[in-house]
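These are the residues of each chain, in order.
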Amino acid sequence: MRGHPVNRVALLSRSANLAYFQPLLNAIDSSLEIVTWPDPACLTADVAVCWNSPPGVYARMPELRLIHSIAAGVDNVLAEQDTRGLPVCRVVDPLLAQGMLQYVLWAVLHFHRKLDVAMANQRQSLWQRPRQQAAADFRVGLMGLGELGGLIAATLPSLGYSVNGWSRTPRELAGVRMFSGADGYEDFLGQTDLLVCLLPLTEATRGILDRRTFAALPAGAAVVNCGRGEHLVVDDLIEALQAGHLRGAVLDVFTQEPLAADHPLWRTPGVVVTPHMATMAAFETVAAQIVANIHRLRDGQPLVNQVDMQRGY
């Protein structure tokens, strides 16, 4: 059975101009009328295509029937919003996992092979070979074992690394020593030399990279955050680094992006800042999945990659 036609699609963002999606969407379906925020016509749209949506905007859109993120994450699409029970969808690109694997593998090598030490020595014109260790003796701890983290968990053991995983509820992964729940959290951290955060952002995970987490890691451990900026308590990280308990951090996501030029993380010794580049879906893939869901909405068919609003992803 066919549903109602989709007459207008609004590209909504308070921090980016999403107009570049218009030709991509229209190349797939030229019948779509596409408007871009802050055009007032956005408020009469049937579908909202979003990244960092303007606060409260959905409540001002009486015709809205679908909210669609342009990314895998939906936290900034849901923040400060009343979704009114409307379906929310995200983008899932198989190549996202490959990109994240490449980025995390680089971060693992950065610390395992002590490239951070070599780079610090270079700044002092110091020729000093860092002592190396076997991959099996370098324990990587993964938090977030979904589509992205799952590929990393499957790959690192094949490269010889000792891999631990932590999840909210018990599960098993081949080649990975698993921990779960609050009871297993500190045991997991205590056996981790490099903590990699790939968690979705929920109220339960907000601020999880904090003083308590850092204190439970072994002295000399390092941290990689590819989840969301809101996972990290910046002051606690800087304190742990300055105290010498943590060795370093690779950070790709931040609460406010772009990271302000005067932010202390730019100049904190041991911290590597990258501009939210760990992985991203191709624009063409994003457009294709959005239009496919618009057609499903129009035809009364089940939507793809719909978010479980209880879990937040």
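Right above here is the structure, for reference.
In what follows, the accompanying structure is described. (Residues numbered from 1 in each chain as written. Predicted model: local features only at pLDDT ≥ 70, side-chain atom pairs only at ≥ 80, totals over all residues. Heavy atoms only, no water.)

1. A few points about the packing of aromatic side chains
In step 1: Inspection of the entire model under this criterion finds 7 aromatic pairs.
In step 2: Centroid distance Tyr-103 to Trp-106: 5.3 Å. Interplanar angle 65°. Geometry classified as edge-to-face. Of this pair, Tyr-103 and Trp-106 both sit in helix H3 (residues 94–112), 3 residues apart, which is roughly one turn of that helix.
In step 3: The rings of Tyr-20, Phe-21 and Phe-283 are connected pair by pair, giving a single aromatic cluster. (Phe/Tyr/Trp six-rings, centres within 6.5 Å; stacked < 30°, edge-to-face > 60°. Helix = DSSP H or I, 4+ residues; strand = E, 2+ residues; numbered from the N terminus.)

2. A short note on the sheet that holds strand S12 (residues 271–273)
In step 1: Pairing is parallel in the open sheet, where 7 strands are placed in the order S8-S7-S6-S9-S10-S11-S12. Two strands in the sheet have a free side with no partner beyond their single neighbour: strand S8 (177–180) and S12. Taking each pair of neighbouring strands and ignoring which way they run, the sheet shows an average axis angle of 15°.
In step 2: This element, H3, spans strand S6 (139–143), strand S9 (194–197), strand S10 (221–225), strand S11 (246–251) and S12 of the sheet and lies at about 160° to S11. (Pairing = 2+ DSSP bridges. Axes fitted to C-alpha atoms, helices over the stretch in contact; angles between N-to-C directions. Contact = heavy atoms within 4.5 Å.)

3. With respect to the pairing of S11
In step 1: For S11, a buried count of 5 out of 6 residues is recorded, marking the element as mostly surrounded by other parts of the structure.
In step 2: One crossover worth recording links S10 to the parallel S11 by way of helix H8 (residues 234–242), and it is right-handed.
In step 3: Across 3 bridges, S11 lies against S12 in parallel orientation. Among the inter-strand pairings, Ala-249 is bridged to a residue of S12, identified as Val-271. (Buried < 20%, exposed > 50% of the residue type's maximum accessible area, 1.4 Å probe, protein only. Right-handed = clockwise from strand over helix to strand, strands pointing away.)

4. Describing the state of the cysteines
In step 1: Summed over the entire model, instances satisfying the criterion amount to 0 disulfides.
In step 2: The thiol of Cys-89 is not disulfide-bonded; the next cysteine sulfur, from Cys-50, is found 11 Å away.
In step 3: Looking at the unpaired Cys-197, the closest cysteine sulfur is the one in Cys-226, lying at 8.4 Å.
In step 4: Owing to a relative accessible area of 0%, Cys-197 belongs among the buried residues under this scheme. (Disulfide = S-S within 2.5 Å.)

5. Regarding unusual backbone geometry
In step 1: Along the chain, Trp-37 connects to Pro-38 via a cis peptide bond; the corresponding omega equals 15°.
In step 2: Residues Glu-257 and Pro-258 are joined by a peptide bond in cis, for which omega reads 0°.
In step 3: Relative to the helices and strands, Pro-258 resides in the loop between S11 and S12.
In step 4: Despite not being glycine, Glu-80 has its phi angle at roughly 60°, a positive value.
In step 5: The phi dihedral of Arg-84 falls on the positive side, at around 55°, and the residue is not glycine.
In step 6: Relative to the helices and strands, Arg-84 is located in the loop between helix H2 (75–78) and strand S5 (88–89).
In step 7: A residue is classified by how much of its surface remains accessible, and Arg-84, at 36% relative accessible area, is partly exposed.

6. Some details on the side chain of Asp-29
In step 1: Tracing the backbone through its elements, the reader meets Asp-29 in the loop between helix H1 (21–28) and strand S2 (33–36).
In step 2: Arg-298 is the oppositely charged side chain nearest to the buried, salt-bridge-free Asp-29, at an N-O distance of 4.3 Å.
In step 3: Within polar-contact distance, the side chain of Asp-29 engages the side chain of Ser-31 at 2.5 Å.
In step 4: Those residues in contact with Asp-29 that lie beyond four places of it in its chain are Val-291, His-295 and Arg-298. (Lys, Arg positive; Asp, Glu negative; His and termini not counted. Salt bridge = Lys/Arg side-chain N within 4 Å of Asp/Glu carboxyl O. Polar contact = N/O pair within 3.5 Å; in protein donor to acceptor, adjacent residues only side chain to side chain.)

7. Looking at the packing of H3 against helix H4 (residues 115–123)
In step 1: Contact geometry of H3 with H4 gives a least axis separation of 5 Å together with a crossing angle of 65°. Where H3 abuts H4, its residues Leu-109, His-110 and Phe-111 lie against Leu-115, Asp-116 and Met-119.

8. Focus: the layout of surface pockets
Empty space among the atoms becomes visible once a probe the size of a water molecule is rolled across them.
In step 1: The space that makes up the second largest pocket amounts to roughly 250 Å³.
In step 2: Residue assignment for the lining of the second largest pocket shows that the elements contributing at least two residues are H3, H4 and S12.
In step 3: A per-element tally of the lining of the second largest pocket places H4 first, with 5 residues. (1 Å grid on protein atoms, 1.4 Å probe; cavity = no way out; pocket = protein on both sides within 12 Å on 5 of 7 lines; lining within 4 Å. Points joined across faces, edges and corners; volume = space filled by probe spheres on them.)

9. A look at the nonpolar core
In step 1: Of all hydrophobic cores here, the largest spans 28 residues; its most connected members are Met-143, Leu-209, Phe-214, Leu-237 and Leu-246.
In step 2: Those elements that place two or more of their residues in this core are helix H6 (181–190), S9, helix H7 (211–216), S10, H8 and S11.
In step 3: Considering every element that reaches this core, the biggest residue donor is H8, with 4 residues.
In step 4: What Phe-214 contacts, discounting residues up to four positions off in sequence, is Leu-209, Val-223, Leu-232, Val-233, Asp-236, Leu-237, Ala-240, His-245 and Leu-246. (Core = buried A, V, L, I, M, F, W, Y, C linked by side-chain atoms within 4.5 Å.)

10. Points about the sheet that holds strand S4 (residues 66–69)
In step 1: Here 5 strands make up an open sheet; going across it, the order is S2-S1-S3-S4-S5 and the pairing parallel. Across the chains shown, the open sheet's two edge strands, defined by having one partner strand only, are S2 and S5.
In step 2: The pairing of strand S1 (residues 8–12) with strand S3 (residues 47–50) spans 4 bridges and is classified as parallel. Within S3, the residue paired with Val-9 across the bridge is Val-47.
In step 3: Sitting on the sheet, helix H9 (residues 283–299) is in contact with S1, S3, S4 and S5, with an inclination near 165° to S4.

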